[in-house]
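One-letter residues, chain by chain:
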Amino acid sequence: MPAPVPTPTIFADAIFHYAVEQSAIAISITDQHANILYVNPAFCAITGYAAHEVVGHKQSLLSYKSTPKVVYQELWGALKKGRSWTGRLLNRRRDGSPYVAELTVTPLKTPEHEDEDINYLGMHWDATEEHRLSRQLANHKQLIESVISVAPVAVALLDVDGRVVLDNPAYKRIVAEMKVDEPAHAVIESLRHNLGDSFEKAFASRRALLNQEVRFDRAGGEPRWYACSLSWFEEHHTSPDAFYGDGCSDYMLLVMHDISASKRQQEALRLAAMRAMLSEGELNQSLREALAGAVFQLQGPVNLISAAAGLQRRRAGPGAGSDPLARALSEAQRAGEEAIATLQAAMPPEPEEPSGPVNLNEVLRDVLMLETDALLSAGITVDWHPAHVLPTVQGDPTALRTLFRQLVSNAIEAMNVRGWKERALVLRTSTQNGQVDVEVTDTGPGIPEALRLKVFEPFFSTKKARAAGRGVGLSLAQEIVNPPSRHARDRP
Ligand code: FAD
């Protein structure tokens with residue numbers, strides 16, 4: 001005999017019953033006073049109570065008595081308005097242990113009692129572990145944030161577009177003190193320029209760059225040095241569409257450690273060594289200038305004598321050897337040439353420093369330190385406007401120091417005249433397309449238009465008094481900027 005076919009309503013009721021019974025979520029149904037009428041097996045599994053121990057009792061049986069009253073007021077407030085409510089409560093299991101319940105309560109409306117709530121449906125699950133993990137995450141985040149915020153190093157996190165998405169108070173202090181919009185960008189630009197290819201390779205392969213020194217200059221203050229480290233980290237996307245995918249974003253972490261104190265000590269030592277070297281160098285330089293002046297002065301008469309000797313030899317013809325005037329002139333020519341050769345041989349050799357990367361802010365600060373006494377005694381104020389971060393240029397640091405020292409001492413000399421009122425020296429550095437511009441301006445009388453090219457000629461001076469070396473400074477400065485080729489320099 002075939003089994004009786006259940007009517008559709010009975011069949012659906014049975015399915016719903018099994019679904020509720022087998023659900024992994026704790027389900028309870030109460031009357032309008034929260035007296036429990038039904039609980040499913042998951043409810044029993046989570047709370048530890050058997051169904052007969054709770055049916056007929058109030059839902060408050062589960063309360064751990066530490067959930068704030070206001071939460072229950074919200075819950076009941078929503079139910080009384082016919083709405084459902086979802087939130088977290090602290091519940092007590094049968095064995096007295098607490099657990100976090102994520103609960104949704106809903107008024108159950110039946111077609112027969114449309115206007116009044118007869119029953120309530122409660123569904124909850126044990127959210128203790130999820131709560132523990134999210135609290136742990138929040139604690140870790142807070143711990144990391146407080147470590148980063150009190151850390152003596154500046155930290156900035158940049159996204160792939162170079163936007164700073166997170167920074168700490170030490171980083172904000174750099175922004176305020178150095179008056180630079182985004183120090184991170186200045187650091188990256190400086191590293192890109194100074195490291196060239198190796199920066200690009202590290203950047204492309206997301207390799208860390210550690211302890212790279214970057215110098216920051218500012219108007220009216222000491223420079224600052226930072227040991228900078230760049231590292232990368234990958235953030236996995238949290239959006240649902242990345243659940244099975246591997247979407248992630250790269251972030252760049254910049255850590256800047258202020259090493260100015262130790263750098264200043266090193267600088268003081270370097271400056272002392274440089275002063276010692278300079279006084280020896282200056283002695284040699286003035287000797288070179290005096291000897292070059294003497295050679296220059298001697299060369300004219302010797303040229304005249306050689307021309308006269310040649311003329312006399314040609315006049316005397318074959319008997320020139322016995323002609324007393326021709327012999328005397330040749331003797332004078334030889335003596336003159338010998339004197340020039342002796343002076344040239346006595347000239348101290350030019351010191352050759354290997355060319356390397358030079359920071360012109362550093363060079364200009366050195367020059368200002370060296371000229372401090374002269375500037376003070378002439379009552380000259382200095383307006384120093386350095387570019388915050390300057391790319392290095394290839395050059396000989398000593399020669400570049402000599403160049404700018406010459407310009408500064410010329411400016412001091414030009415303004416330090418009796419009755420001259422405006423005495424200011426402006427030094428400015430800036431960058432444009434990787435090129436470094438240096439501006440040295442003084443408020444002296446300036447060089448007359450007609451002499452602006454002439455002042456670069458050797459031994460030309462606008463000053464009347466003739467002193468050893470007078471008039472060679474600018475020609476030397478020009479030689480440093482546009483050095484004659486070695487071949488041309490070595491030609492006699
Ligand atoms: P109570 O005096 O019971 O309630 C505190 C406040 O809630 C009161 O001041 C009052 O404003 C309001 N309130 C209580 N009962 C009513 C009511 N019948 N009508 C209007 N307002 C009312 N609580 C839990 O702690 N854990 C649970 O898992 C839980 N599940 C629930 C499931 C359902 C389906 C329902 C309807 C309620 C559930 N509750 C649950 C709430 C529970 O009924 C109690 O309100 C709560 O436990 C607080 O109990 P109490 O004795 O501390 O305070």
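Whatever comes next refers back to the structure up there.
All of the points below concern the structure found in this document. Bear in mind that the values here come from a model prediction, so they are computed numbers and not experimental data.

**Quick word on unusual backbone geometry**
Its identity as a non-glycine residue notwithstanding, Lys 65 has a phi of 65°, on the positive side. Take Lys 65: it is sitting in the loop between helix 3 (51–54) and helix 4 (69–80). Taking the relative accessible area as the measure of exposure, Lys 65 reaches 64% and is therefore exposed. Positive phi, close to 50°, is recorded for Lys 179, a residue that is not glycine. Relative to the helices and strands, Lys 179 is located in the loop between helix 6 (169–178) and helix 7 (183–195).

**A look at the packing of aromatic side chains**
The final tally for this structure, using the stated rule, is six aromatic pairs. Judged by centre distance (5.6 Å) and plane angle (90°), the ring pair of Phe 216 and Tyr 226 falls under edge-to-face. Of this pair, Phe 216 sits in strand 8 (residues 209–216) while Tyr 226 sits in strand 9 (residues 224–236), and the two are ten residues apart along the sequence. According to the relative accessible area criterion, Phe 216 is buried, its value standing at 0%. Their ring planes at 25° and their centres at 5.6 Å tell us that Phe 233 and Tyr 251 sit as a pair that is stacked.

**A closer look at the pairing of strand 2 (residues 36–39)**
Summarising the sheet, strand 1 (residues 26–31) and strand 2 pair through three bridges and their orientation is antiparallel. Residue pairing for strand 2: Thr 30 is matched across the bridge by Ile 36. Between strand 1 and the antiparallel strand that follows it, strand 2, lie four residues; Ala 34 among them carries a positive phi value of about 70°.

**Describing the pairing of strand 9**
Side chains on a regular strand alternate between the two faces of the sheet. Sheet topology note: the strand 8/strand 9 ladder contains six bridges and is antiparallel. The residue of strand 9 that forms the bridge with Glu 213 is Ala 227. Where strand 9 meets strand 10 (residues 248–258), eleven bridges bridge the pair, whose relative direction is antiparallel. Each residue of the ladder has a partner; that of Glu 234, found in strand 10, is Asp 250.

**What about the packing of helix 9 (residues 260–316) against helix 11 (residues 360–370)?**
Two elements in contact, helix 9 and helix 11, have axes separated by 11 Å at closest approach and are oriented at 65°. Considering their axes alone, helix 9 and helix 11 lie roughly perpendicular with respect to each other. Along this stretch, helix 9 crosses helix 11, giving a crossing that reads as right-handed. Here helix 9 contributes Glu 267, Arg 270, Leu 271, Met 274, Arg 275 and Leu 278 to the contact with helix 11, which in turn contributes Glu 362, Asp 366, Met 369 and Leu 370. Of the residues assigned to the contact of helix 9 with helix 11, the class counts are five nonpolar, no polar and five charged.

Scoring rules and cut-offs
Residues numbered from 1 in each chain as written. Predicted model: local features only at pLDDT ≥ 70, side-chain atom pairs only at ≥ 80, totals over all residues. Heavy atoms only, no water. Helix = DSSP H or I, 4+ residues; strand = E, 2+ residues; numbered from the N terminus. Buried < 20%, exposed > 50% of the residue type's maximum accessible area, 1.4 Å probe, protein only. Phe/Tyr/Trp six-rings, centres within 6.5 Å; stacked < 30°, edge-to-face > 60°. Pairing = 2+ DSSP bridges. Axes fitted to C-alpha atoms, helices over the stretch in contact; angles between N-to-C directions. Parallel < 35°, antiparallel > 145°, perpendicular 65-115°, else oblique. Left-handed = near helix turned anticlockwise from the far one by under 90°. Contact = heavy atoms within 4.5 Å. Nonpolar A, V, L, I, M, F, W, Y, C, P; charged D, E, K, R; others polar.

Just distances and angles here, no functional claims.
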